[in-house]
Amino acid sequence: MVLWIRSCAWVLIFFAAPGVVYSLVKLDWVGLLINVALIAIGVVDLRNLRIVERDAPRGWRRIIYTQFLLGLLIGVSFAYAGVYLVKPEYWEQAREILEKIQGPVPDYIWDDAVARSQAILKWGTLIGGEAIFLGQVRLCFKINRLARRSQPPQLPADSSSEKH
């Protein structure tokens with residue numbers, strides 16, 4: 001599990017860093033915020049893995065929080081992307097490009113194709129974001145079980161050493 005979380009943290013950092021630069025160039029503040037949050041989660045997870053080496057239960061509990069936040073962030077990002085991608089101006093650009101290649105597209109065919117594509121994008125990204133979030137919640141439960149196993153068992157309250 002440690003190797004998996006370490007690998008994912010580095011992937012977050014390396015793939016979100018170019019996104020920060022791109023968002024700054026395009027002045028996309030939402031994208032910038034999302035990419036900075038992804039980098040922060042990756043860095044915090046790497047620090048939490050160091051804590052796992054010294055104090056496993058504490059480190060795993062902290063990783064549970066960052067993994068939950070990661071799932072929430074990705075889920076919200078997917079929902080944002082779904083709403084953003086259905087804007088009409090993007091579809092008109094696609095139609096212009098398609099008509100340059102294929103020729104004129106009748107309005108009724110185009111309207112039907114756009115409506116279907118927008119519905120698929122909107123609902124697909126919402127369902128995909130929710131699936132990723134639920135997958136991260138499931139991972140949090142697995143990490144919680146791992147944290148419990150790394151703790152020594154509790155002594156019973158009525159032990160024989162207390163009776164003497």
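Worth saying up front: this structure is predicted, and the values here are computed from it rather than measured.

**Student:** Sorry if this is basic, but what is going on with the side chain of threonine 66 here?
**Tutor:** Mapped onto the elements, threonine 66 comes out in helix α3 (residues 56-85). Residue threonine 66 is classed as buried on the basis of its relative accessible area, which comes to 8%. Once residues within four sequence positions are removed from consideration, threonine 66 is found in contact with Ile41, Val44, Asp45 and Asn48.

**Student:** When you look at a nonpolar patch on the surface in this model, what are you seeing that I'm missing?
**Tutor:** Together, Val30, Tyr80, Tyr84, Leu85 and Tyr90 give the surface a local cluster of nonpolar side chains, amounting to about 400 Å² of exposed area. Top contributing element to the nonpolar patch by residue count: α3, with three residues. Here tyrosine 84 shows up in helix α3.

**Student:** Just checking my understanding: could you explain the layout of surface pockets for this structure?
**Tutor:** It is a probe the size of a water molecule, rolled over the atoms, that shows where empty space is left. As a volume, the largest pocket reaches approximately 300 Å³. Lining of the largest pocket is provided by 14 residues; of these, Gly31, Ile34, Ser77, Tyr80 and Ala81 occupy positions nearest its centre. Contributing elements (two or more residues each) for the lining of the largest pocket: α1 (2-26), α2 (29-54) and α3. Among the elements that line the lining of the largest pocket, the one with the most residues is α3, at six residues. Residues belonging to the lining of the largest pocket are distributed by class as follows: nine nonpolar, four polar and one charged.

**Student:** Sorry, what's going on with a positive patch on the surface here?
**Tutor:** Together, Arg47, Arg50, Arg54, Arg58, Arg61 and Arg62 line one region of the surface with positive charge. Looking at the positive patch, the elements that each hand over two or more residues are α2 and α3. With respect to the element layout, arginine 61 can be found in helix α3.

Each value, and the rule that gives it
Here the residue numbering is sequential within each chain, running from 1 through the sequence in written order. The model is predicted, so local features are restricted to residues of pLDDT at least 70 and side-chain atom pairs to those at 80 or more, both for listing and for counting; the totals for chains, interfaces and linings are taken over all residues. Side-chain figures throughout are based on the complete set of non-hydrogen atoms in the structure, without hydrogens or water. Only DSSP runs of H or I covering at least 4 residues are called helices, and only runs of E covering at least 2 are called strands; the numbering of each starts at the N terminus. The buried label applies to any residue whose accessible area, calculated with a 1.4 Å probe on protein chains only, is under 20% of its type's maximum; exposed applies above 50%, and partly exposed to all values in between. By the convention used here, residues are in contact when the closest approach between their heavy atoms is within 4.5 Å. Grouping into patches uses exposed residues only, defined as over 30% relative accessible area, and leaves out salt-bridged ones; the cut-off is 9 Å for like charges and 5 Å for nonpolar side chains (Val, Leu, Ile, Met, Phe, Trp, Tyr). Here the accessible surface of atoms and residues is derived via Shrake-Rupley with a 1.4 Å probe, and residues count as covered only by protein chains that are part of the display. Salt bridge, as used here, is a side-chain nitrogen of Lys or Arg placed within 4 Å of a carboxyl oxygen of Asp or Glu. Only protein atoms enter the calculation, which uses a 1 Å grid: trapped sets of points that fit a 1.4 Å probe without letting it out are cavities, open sets showing protein on both sides within 12 Å along at least five of seven lines are pockets, and any residue with an atom within 4 Å of a point is a lining residue. Grid points are joined across faces, edges and corners, and a volume is the space filled by probe spheres set on the points. Under the convention adopted here, Pro, Cys and the residues Ala, Val, Leu, Ile, Met, Phe, Trp and Tyr are nonpolar, Asp, Glu, Lys and Arg are charged, and Gly plus all remaining residues are polar. A positive count includes Lys and Arg, and a negative count includes Asp and Glu. His and the chain ends are not counted in either. To locate a charge, the coordinates of NZ of Lys, CZ of Arg, CG of Asp or CD of Glu are taken.

Read these as layout, nothing more, since geometry by itself doesn't imply function.
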